[in-house]
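# Architecture and fold: a report
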Amino acid sequence: MSRSITGRKVRALLAALSLLLVASGCGLLGGDSGSRAADGGAEGTGLEKTRIKVGAMPIIDYAPLHMAIQKGYFRDAGLEVETVGIPGGATSVTGLVGASFDISVGNWMSFFEAQSKGVADLKLIADGYQTRPHNFVIAVPQGSSITTPQDLAGKRIAVTVRGAIAELLAKASMDAHSVNHGGVSWVEIPFQNMPIALKAKQVDAAVMVEPFITQAERNFGAIPVLDVAQGATGDFPISGYATTAAFAKDNPKTLRAFRTALMRAQKEASDRGKVEQVLPSYAKGIDQVTASLVHLGAFPTRLDTVRIQRVADLMAVHDLLPKPLKVDGMVMENLPDTD
(Lines give C-alpha, C1' and ligand atoms only; values in the text may rest on other atoms or scores of the structure.)
Protein backbone atom coordinates (compact mmCIF):
# COMPACT_ATOMS: atom_id res chain seq x y z
CA MET A 1 0.00 0.00 0.00
CA SER A 2 2.73 2.46 0.94
CA ARG A 3 4.63 1.52 -2.26
CA SER A 4 1.49 2.35 -4.33
CA ILE A 5 1.07 5.72 -2.61
CA THR A 6 4.74 6.54 -3.24
CA GLY A 7 4.35 5.71 -6.93
CA ARG A 8 1.33 7.98 -7.23
CA LYS A 9 3.22 10.80 -5.50
CA VAL A 10 6.16 10.44 -7.86
CA ARG A 11 3.91 10.44 -10.92
CA ALA A 12 2.10 13.52 -9.60
CA LEU A 13 5.36 15.36 -9.00
CA LEU A 14 6.62 14.53 -12.50
CA ALA A 15 3.38 15.72 -14.04
CA ALA A 16 3.56 19.00 -12.10
CA LEU A 17 7.18 19.48 -13.11
CA SER A 18 6.28 18.84 -16.75
CA LEU A 19 3.55 21.47 -16.64
CA LEU A 20 5.92 23.93 -15.00
CA LEU A 21 8.56 23.45 -17.69
CA VAL A 22 6.05 23.85 -20.49
CA ALA A 23 4.66 27.01 -18.93
CA SER A 24 8.10 28.52 -18.55
CA GLY A 25 9.07 27.67 -22.13
CA CYS A 26 12.01 25.49 -21.02
CA GLY A 27 12.88 21.90 -21.72
CA LEU A 28 14.35 19.50 -19.22
CA LEU A 29 17.41 19.22 -21.49
CA GLY A 30 17.70 22.90 -22.35
CA GLY A 31 15.18 23.21 -25.18
CA ASP A 32 14.99 26.98 -24.72
CA SER A 33 18.68 27.48 -25.39
CA GLY A 34 18.22 25.56 -28.61
CA SER A 35 15.48 27.93 -29.74
CA ARG A 36 17.68 30.90 -28.89
CA ALA A 37 20.50 29.41 -30.92
CA ALA A 38 18.23 29.28 -33.94
CA ASP A 39 17.51 33.02 -33.97
CA GLY A 40 20.38 34.48 -31.97
CA GLY A 41 17.94 35.68 -29.30
CA ALA A 42 19.05 36.52 -25.78
CA GLU A 43 16.07 35.95 -23.51
CA GLY A 44 17.01 36.30 -19.85
CA THR A 45 20.48 37.74 -20.49
CA GLY A 46 19.67 41.44 -20.69
CA LEU A 47 21.13 41.52 -24.20
CA GLU A 48 19.12 41.74 -27.41
CA LYS A 49 21.37 39.18 -29.11
CA THR A 50 23.96 36.87 -27.60
CA ARG A 51 25.41 35.25 -30.71
CA ILE A 52 27.05 37.68 -33.12
CA LYS A 53 29.28 37.48 -36.17
CA VAL A 54 32.27 39.79 -36.57
CA GLY A 55 34.06 40.43 -39.85
CA ALA A 56 37.79 40.12 -39.11
CA MET A 57 41.16 40.33 -40.86
CA PRO A 58 44.26 38.30 -39.83
CA ILE A 59 46.50 41.33 -39.17
CA ILE A 60 48.18 42.92 -36.15
CA ASP A 61 45.52 45.63 -35.75
CA TYR A 62 43.00 43.21 -34.30
CA ALA A 63 45.07 41.32 -31.72
CA PRO A 64 42.73 42.46 -28.91
CA LEU A 65 39.70 40.97 -30.69
CA HIS A 66 41.38 37.56 -30.66
CA MET A 67 42.61 38.04 -27.11
CA ALA A 68 39.04 38.73 -26.00
CA ILE A 69 37.82 35.58 -27.75
CA GLN A 70 40.60 33.31 -26.50
CA LYS A 71 40.51 34.60 -22.92
CA GLY A 72 36.73 34.40 -22.67
CA TYR A 73 36.07 38.12 -22.21
CA PHE A 74 33.15 38.08 -24.64
CA ARG A 75 31.79 35.00 -22.93
CA ASP A 76 32.02 36.80 -19.58
CA ALA A 77 29.96 39.61 -21.11
CA GLY A 78 27.28 37.15 -22.23
CA LEU A 79 28.33 36.98 -25.87
CA GLU A 80 29.33 34.23 -28.24
CA VAL A 81 31.47 35.75 -31.01
CA GLU A 82 32.10 34.07 -34.36
CA THR A 83 34.69 35.66 -36.66
CA VAL A 84 34.14 35.76 -40.42
CA GLY A 85 37.32 36.22 -42.47
CA ILE A 86 37.39 39.23 -44.79
CA PRO A 87 40.18 40.36 -47.15
CA GLY A 88 40.03 44.13 -46.73
CA GLY A 89 38.23 47.37 -45.93
CA ALA A 90 35.76 47.34 -48.82
CA THR A 91 34.48 43.94 -47.70
CA SER A 92 33.90 45.37 -44.24
CA VAL A 93 31.25 47.68 -45.64
CA THR A 94 29.64 45.28 -48.12
CA GLY A 95 29.49 42.57 -45.46
CA LEU A 96 27.74 44.87 -43.00
CA VAL A 97 25.27 46.15 -45.58
CA GLY A 98 24.54 42.60 -46.75
CA ALA A 99 24.22 41.37 -43.15
CA SER A 100 26.98 38.77 -43.59
CA PHE A 101 28.04 39.80 -40.10
CA ASP A 102 26.79 42.11 -37.36
CA ILE A 103 30.00 44.01 -36.58
CA SER A 104 33.14 44.45 -38.65
CA VAL A 105 36.70 45.53 -38.25
CA GLY A 106 37.90 47.89 -40.94
CA ASN A 107 40.10 50.85 -41.76
CA TRP A 108 38.56 54.22 -40.99
CA MET A 109 38.95 55.35 -44.59
CA SER A 110 36.62 52.66 -45.92
CA PHE A 111 33.99 53.45 -43.30
CA PHE A 112 34.17 57.20 -43.95
CA GLU A 113 34.11 56.86 -47.72
CA ALA A 114 31.02 54.62 -47.55
CA GLN A 115 29.25 57.04 -45.20
CA SER A 116 30.14 60.10 -47.27
CA LYS A 117 28.95 58.49 -50.50
CA GLY A 118 25.73 57.20 -48.95
CA VAL A 119 26.71 53.59 -49.63
CA ALA A 120 26.00 52.69 -46.01
CA ASP A 121 24.70 54.25 -42.80
CA LEU A 122 27.30 53.21 -40.23
CA LYS A 123 27.86 53.59 -36.51
CA LEU A 124 31.36 53.43 -35.01
CA ILE A 125 31.65 51.19 -31.95
CA ALA A 126 35.30 51.28 -30.90
CA ASP A 127 38.74 52.45 -31.92
CA GLY A 128 41.12 49.66 -32.87
CA TYR A 129 44.63 50.66 -33.86
CA GLN A 130 46.79 53.73 -34.43
CA THR A 131 50.31 54.28 -35.71
CA ARG A 132 53.53 54.44 -33.79
CA PRO A 133 57.03 55.05 -35.17
CA HIS A 134 58.37 52.49 -37.62
CA ASN A 135 55.20 50.49 -38.16
CA PHE A 136 54.31 52.32 -41.40
CA VAL A 137 57.31 53.20 -43.60
CA ILE A 138 58.46 53.71 -47.17
CA ALA A 139 61.26 51.19 -47.69
CA VAL A 140 63.75 50.68 -50.52
CA PRO A 141 65.86 47.65 -51.52
CA GLN A 142 69.41 47.19 -50.35
CA GLY A 143 71.84 49.23 -52.47
CA SER A 144 69.17 51.66 -53.68
CA SER A 145 70.18 55.15 -54.80
CA ILE A 146 67.21 56.47 -52.80
CA THR A 147 68.62 57.56 -49.46
CA THR A 148 66.43 60.54 -48.48
CA PRO A 149 62.70 61.36 -48.73
CA GLN A 150 63.48 63.87 -51.49
CA ASP A 151 64.82 61.04 -53.67
CA LEU A 152 61.31 59.53 -53.83
CA ALA A 153 60.04 62.17 -56.25
CA GLY A 154 59.12 60.66 -59.62
CA LYS A 155 59.75 57.07 -58.51
CA ARG A 156 57.65 53.88 -58.75
CA ILE A 157 56.25 53.25 -55.29
CA ALA A 158 54.17 50.24 -54.26
CA VAL A 159 50.93 50.60 -52.30
CA THR A 160 48.34 47.92 -51.59
CA VAL A 161 45.40 49.77 -53.13
CA ARG A 162 45.24 53.19 -54.77
CA GLY A 163 43.55 55.79 -52.60
CA ALA A 164 43.88 53.75 -49.40
CA ILE A 165 45.65 54.45 -46.11
CA ALA A 166 49.18 53.63 -47.38
CA GLU A 167 49.02 56.18 -50.19
CA LEU A 168 47.32 58.77 -47.99
CA LEU A 169 50.01 58.59 -45.28
CA ALA A 170 52.78 58.53 -47.88
CA LYS A 171 51.49 61.67 -49.59
CA ALA A 172 50.97 63.48 -46.28
CA SER A 173 54.51 62.63 -45.15
CA MET A 174 56.00 63.62 -48.50
CA ASP A 175 54.17 66.94 -48.25
CA ALA A 176 55.70 67.44 -44.80
CA HIS A 177 59.16 66.88 -46.31
CA SER A 178 58.45 69.15 -49.32
CA VAL A 179 58.61 66.20 -51.71
CA ASN A 180 56.61 66.59 -54.92
CA HIS A 181 54.57 63.38 -55.23
CA GLY A 182 52.76 64.55 -58.37
CA GLY A 183 55.09 62.54 -60.60
CA VAL A 184 55.12 59.38 -58.48
CA SER A 185 53.86 56.19 -60.15
CA TRP A 186 51.81 54.33 -57.55
CA VAL A 187 51.87 50.57 -58.19
CA GLU A 188 49.34 48.24 -56.54
CA ILE A 189 51.05 45.28 -54.86
CA PRO A 190 49.71 43.31 -51.86
CA PHE A 191 51.64 43.91 -48.65
CA GLN A 192 52.83 40.30 -48.47
CA ASN A 193 54.38 40.56 -51.96
CA MET A 194 56.23 43.83 -51.37
CA PRO A 195 59.47 42.34 -49.93
CA ILE A 196 59.97 40.19 -53.05
CA ALA A 197 58.97 43.08 -55.34
CA LEU A 198 61.64 45.26 -53.73
CA LYS A 199 64.30 42.59 -54.04
CA ALA A 200 63.42 42.03 -57.71
CA LYS A 201 63.48 45.82 -58.34
CA GLN A 202 59.91 45.70 -59.68
CA VAL A 203 59.41 49.00 -57.85
CA ASP A 204 61.79 51.61 -56.48
CA ALA A 205 60.15 51.74 -53.05
CA ALA A 206 57.16 50.41 -51.14
CA VAL A 207 54.83 51.74 -48.46
CA MET A 208 54.96 48.88 -45.97
CA VAL A 209 53.43 47.86 -42.65
CA GLU A 210 54.40 45.31 -40.05
CA PRO A 211 55.12 42.39 -40.09
CA PHE A 212 56.29 42.88 -43.69
CA ILE A 213 58.73 45.65 -42.73
CA THR A 214 60.52 43.31 -40.33
CA GLN A 215 60.44 40.46 -42.85
CA ALA A 216 61.88 42.66 -45.62
CA GLU A 217 64.62 43.96 -43.33
CA ARG A 218 65.56 40.51 -42.03
CA ASN A 219 65.37 38.57 -45.28
CA PHE A 220 66.24 41.09 -47.99
CA GLY A 221 68.08 43.94 -46.30
CA ALA A 222 65.35 46.48 -47.08
CA ILE A 223 66.00 49.99 -45.74
CA PRO A 224 63.35 52.47 -44.50
CA VAL A 225 63.86 55.98 -45.93
CA LEU A 226 60.69 57.67 -44.68
CA ASP A 227 58.61 56.88 -41.61
CA VAL A 228 55.09 57.93 -42.60
CA ALA A 229 53.81 57.58 -39.02
CA GLN A 230 55.67 60.54 -37.54
CA GLY A 231 55.20 64.29 -37.36
CA ALA A 232 51.88 65.38 -38.85
CA THR A 233 50.81 61.73 -39.18
CA GLY A 234 52.10 60.57 -35.80
CA ASP A 235 49.64 58.55 -33.69
CA PHE A 236 47.39 58.41 -36.75
CA PRO A 237 44.14 56.42 -36.41
CA ILE A 238 44.17 53.40 -38.71
CA SER A 239 41.22 51.15 -37.98
CA GLY A 240 38.30 50.34 -35.73
CA TYR A 241 34.97 48.56 -35.36
CA ALA A 242 31.64 49.51 -36.93
CA THR A 243 28.11 48.28 -37.46
CA THR A 244 25.07 49.52 -39.34
CA ALA A 245 22.79 52.17 -37.85
CA ALA A 246 19.92 49.67 -38.04
CA PHE A 247 21.76 47.03 -36.03
CA ALA A 248 22.87 49.66 -33.53
CA LYS A 249 19.30 50.84 -33.02
CA ASP A 250 17.99 47.33 -32.39
CA ASN A 251 20.92 46.02 -30.28
CA PRO A 252 22.36 48.76 -28.04
CA LYS A 253 22.96 46.49 -25.02
CA THR A 254 24.62 43.86 -27.18
CA LEU A 255 26.98 46.48 -28.58
CA ARG A 256 27.71 47.79 -25.11
CA ALA A 257 28.66 44.28 -23.98
CA PHE A 258 30.84 43.81 -27.06
CA ARG A 259 32.66 47.08 -26.53
CA THR A 260 33.16 46.45 -22.81
CA ALA A 261 34.77 43.06 -23.46
CA LEU A 262 36.87 44.41 -26.32
CA MET A 263 38.14 47.35 -24.26
CA ARG A 264 39.20 44.91 -21.56
CA ALA A 265 41.48 43.30 -24.15
CA GLN A 266 42.57 46.64 -25.65
CA LYS A 267 43.83 47.65 -22.21
CA GLU A 268 45.75 44.39 -21.86
CA ALA A 269 47.32 44.99 -25.27
CA SER A 270 49.46 47.70 -23.67
CA ASP A 271 51.47 44.72 -22.42
CA ARG A 272 53.58 43.82 -25.45
CA GLY A 273 54.16 40.30 -24.20
CA LYS A 274 50.45 39.52 -24.32
CA VAL A 275 50.19 40.76 -27.90
CA GLU A 276 53.23 38.71 -28.93
CA GLN A 277 51.59 35.67 -27.41
CA VAL A 278 48.37 35.93 -29.41
CA LEU A 279 49.71 37.07 -32.82
CA PRO A 280 50.96 33.69 -34.14
CA SER A 281 47.58 32.11 -33.38
CA TYR A 282 45.71 34.08 -36.03
CA ALA A 283 47.92 36.59 -37.94
CA LYS A 284 49.25 35.58 -41.34
CA GLY A 285 53.03 35.51 -41.72
CA ILE A 286 53.79 35.98 -38.03
CA ASP A 287 55.64 33.29 -36.13
CA GLN A 288 56.84 33.67 -32.55
CA VAL A 289 60.20 35.15 -33.60
CA THR A 290 58.59 37.73 -35.89
CA ALA A 291 56.06 38.59 -33.18
CA SER A 292 58.93 39.46 -30.85
CA LEU A 293 60.55 41.77 -33.45
CA VAL A 294 57.72 43.71 -35.08
CA HIS A 295 57.10 47.35 -34.23
CA LEU A 296 53.62 47.56 -32.77
CA GLY A 297 51.16 50.40 -33.04
CA ALA A 298 48.88 51.50 -30.20
CA PHE A 299 45.56 49.97 -29.18
CA PRO A 300 43.33 52.87 -27.99
CA THR A 301 40.93 52.27 -25.12
CA ARG A 302 38.41 54.95 -26.05
CA LEU A 303 36.87 56.26 -29.24
CA ASP A 304 38.04 59.87 -29.53
CA THR A 305 36.04 61.87 -32.07
CA VAL A 306 38.71 64.55 -32.41
CA ARG A 307 41.39 61.95 -33.12
CA ILE A 308 39.52 60.03 -35.79
CA GLN A 309 38.28 63.26 -37.41
CA ARG A 310 41.92 63.67 -38.53
CA VAL A 311 41.36 60.78 -40.97
CA ALA A 312 38.31 62.32 -42.61
CA ASP A 313 39.99 65.73 -42.80
CA LEU A 314 43.12 64.34 -44.47
CA MET A 315 40.97 62.37 -46.90
CA ALA A 316 39.17 65.58 -47.86
CA VAL A 317 42.49 67.40 -48.41
CA HIS A 318 43.55 64.71 -50.89
CA ASP A 319 40.14 64.56 -52.62
CA LEU A 320 39.30 61.08 -51.32
CA LEU A 321 35.85 62.11 -50.11
CA PRO A 322 33.06 63.57 -52.27
CA LYS A 323 32.41 66.12 -49.51
CA PRO A 324 33.77 66.89 -46.03
CA LEU A 325 32.54 64.53 -43.32
CA LYS A 326 31.94 65.19 -39.64
CA VAL A 327 32.39 61.86 -37.88
CA ASP A 328 30.89 62.77 -34.51
CA GLY A 329 27.43 61.79 -35.77
CA MET A 330 28.73 58.32 -36.54
CA VAL A 331 30.23 57.66 -33.10
CA MET A 332 28.30 55.58 -30.55
CA GLU A 333 29.34 57.25 -27.33
CA ASN A 334 26.29 56.65 -25.13
CA LEU A 335 25.49 52.97 -25.27
CA PRO A 336 23.35 51.80 -22.32
CA ASP A 337 24.81 49.63 -19.60
CA THR A 338 23.93 45.94 -19.65
CA ASP A 339 21.75 44.51 -16.88
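For every chain, the first residue of the written sequence is number 1, and numbering continues from 1 onward in sequence order. Where totals are concerned, whole chains, interfaces and linings use all residues; where local detail is concerned, this predicted model gives features only for residues with pLDDT of at least 70, and gives and counts side-chain atom pairs only at 80 or more. In computing side-chain properties, one takes all heavy atoms of the structure into account and sets aside hydrogens as well as water.

### Notes on the overall build of the protein chain
As a reminder, the rule being used: Here a strand is any run of E in DSSP of at least two residues, a helix any run of H or I of at least four, and the numbering for each starts at the N terminus. Each residue is placed in one exposure class: buried if its accessible area under a 1.4 Å probe, protein chains only, is under 20% of its type's maximum, exposed if it is over 50%, and partly exposed if it falls in between. Each accessible area is a Shrake-Rupley estimate made with a 1.4 Å probe; only the visible protein chains count as cover when residues are assessed.
Along the backbone of the protein chain there are 14 helices and 10 strands. When the 339 residues of the protein chain are sorted by exposure, 51% land in the buried category. For the protein chain, the computed accessible surface area is about 15800 Å², with 52% contributed by carbon and sulfur atoms.

### Some details on the sheet that holds strand S9 (residues 223–227)
The criterion, for reference: Strands were regarded as paired on the criterion that DSSP finds at least two bridges between them. A fitted line through C-alpha atoms serves as each axis, taken over the contacting stretch for helices, and the angle formed by two N-to-C directions is quoted from 0 to 180°.
The sheet built from 5 strands is open, its strands ordered S7-S6-S8-S5-S9 with mixed pairing. One side of each edge strand has no neighbouring strand; the edge strands of this open sheet are strand S7 (185–188) and S9. Mean inter-strand twist for the sheet, computed between neighbouring axes without regard to direction, equals 35°. Pairing of strand S5 (residues 136–140) with S9, which is carried by 4 bridges, proceeds in the antiparallel orientation. Each bridged residue has a counterpart across the sheet, and for Val137 the counterpart in S9 is Asp227.

### Focus: the packing of aromatic side chains
Working definition: an aromatic ring pair is given by the centre-to-centre distance plus the angle between the planes. For clarity, the threshold we go by: Within 6.5 Å between ring centres, the rings of Phe, Tyr and Trp (the latter by its six-membered ring) count as paired, and their orientation is classed by plane angle as stacked under 30 degrees, edge-to-face over 60, tilted in between.
For the structure shown, the criterion picks out 7 aromatic pairs. Centroid distance Tyr62 to Tyr241: 5.9 Å. Interplanar angle 80°. Geometry classified as edge-to-face. With Tyr62 in the loop between strand S1 (51–56) and helix H3 (63–70) and Tyr241 in strand S10 (residues 237–244), this residue pair connects regions lying 179 residues apart in the sequence. The buried category is assigned to Tyr62, whose relative accessible area is 1%. An angle of 15° between the planes, with centres 5.1 Å apart, marks the rings of Phe74 and Phe258 as stacked. Of this pair, Phe74 sits in helix H4 (residues 73–76) while Phe258 sits in helix H11 (residues 252–268), placing them 184 residues apart in sequence. Here Phe74 matches Phe258 in class, with each residue buried.

### Observations concerning the sheet that holds S10
The line we're drawing: The contact criterion used is simple: two residues touch if any of their non-hydrogen atoms lie within 4.5 Å.
Read from one edge of the open sheet, 5 strands run S2-S1-S3-S10-S4, paired in mixed fashion. Each having just a single partner strand, strand S2 (80–85) and strand S4 (122–130) make up the two edges of the open sheet. Averaged over all pairs of adjacent strands, the angle between their axes in this sheet comes to 25°, without regard to strand direction. For strand S3 (residues 103–107) and S10, the ladder comprises 4 bridges, and the chain directions are antiparallel. Among the inter-strand pairings, Asn107 is bridged to a residue of S10, identified as Ser239. Docked against the sheet, helix H5 (residues 89–97) engages S3, S4 and S10, running at close to 155° with respect to S3.

### Some points on the confidence of the model for the protein chain
Filter applied, for reference: How sure the predictor is of each residue is captured by pLDDT, a score from 0 to 100.
For the protein chain, mean pLDDT is 87; residues scoring 70 or higher make up 85% of the total. Confidence drops under a pLDDT of 50 for residues 1–40, and excluding neighbours within four residues, the segment shows 14 contacts in the predicted structure.

### Some thoughts on the packing of helix H6 (residues 108–117) against helix H14 (residues 305–317)
Under the convention used in this document: We call a crossing left-handed when the near helix sits turned anticlockwise from the far one by less than a right angle, and right-handed when that turn is clockwise. Only Asp, Glu, Lys and Arg are considered charged, only Ala, Val, Leu, Ile, Met, Phe, Trp, Tyr, Cys and Pro nonpolar, and every remaining residue, Gly among them, polar.
Closest axis-to-axis distance for the H6/H14 pair is 10 Å, and the angle between their directions is 65°. Crossing geometry of H6 relative to H14 is assigned as right-handed. Contacts from Trp108, Met109, Phe112 and Glu113 of H6 reach H14 at Ile308, Val311, Ala312 and Met315. In terms of residue class, the contact of H6 with H14 is built from 7 nonpolar, no polar and 1 charged.

### A closer look at the pairing of S4
The buried fraction of S4 amounts to 8 of the 9 residues, a majority that puts the element mostly inside the structure. The sheet contact formed by S4 and S10 spans 7 bridges and is antiparallel. The partner of Asp127 across the bridge, within S10, is Gly240.

### Side note on H14
Threshold: A helix is expected to span 1.5 Å multiplied by its residue count minus one. N or O atoms within 3.5 Å of each other form a polar contact, as long as, within protein, one can give a hydrogen and the other can take it, and as long as residues adjacent in sequence are counted only when both atoms are side-chain atoms.
Over its 13 residues, H14 runs 18 Å from end to end, which matches the ideal 18 Å to within 8%, given 1.5 Å per residue. Three or more residues of H14 are buried, namely Arg307, Ile308, Gln309, Val311, Ala312, Leu314 and Met315. The inward-facing, buried residues of H14 contact H6, S4, helix H7 (165–176) and S10. For H14, the N-terminal cap is Asp304; the gap from its side-chain oxygen to the backbone nitrogen of Val306 is 2.9 Å.

### What to know about the packing of H3 against H11
Selection criterion: Geometric relationships in this document are graded by angle, where less than 35 degrees denotes roughly parallel, more than 145 denotes roughly antiparallel, 65 to 115 denotes roughly perpendicular, and other angles denote oblique.
One can describe the packing of H3 onto H11 by two numbers: an axis separation of 8 Å at closest approach and a directional angle of 110°. By the criterion of interaxial angle, the relationship of H3 to H11 is roughly perpendicular. Side by side, H3 and H11 meet where Pro64, Leu65, Met67 and Ala68 of the first sit next to Phe258, Ala261, Leu262, Ala265, Gln266 and Glu268 of the second. Partitioned by chemical class, the residues of the contact of H3 with H11 number 8 nonpolar, 1 polar and 1 charged.

### Quick word on the environment of Asp304
Mapped onto the fold, Asp304 is located in the loop between helix H13 (288–293) and H14. A C-alpha to C-alpha distance of 8.9 Å links Asp304 and Val331, two positions 27 residues apart in sequence. Separated by 2.9 Å, the side chain of Asp304 and the backbone nitrogen of Val306 make a polar contact.

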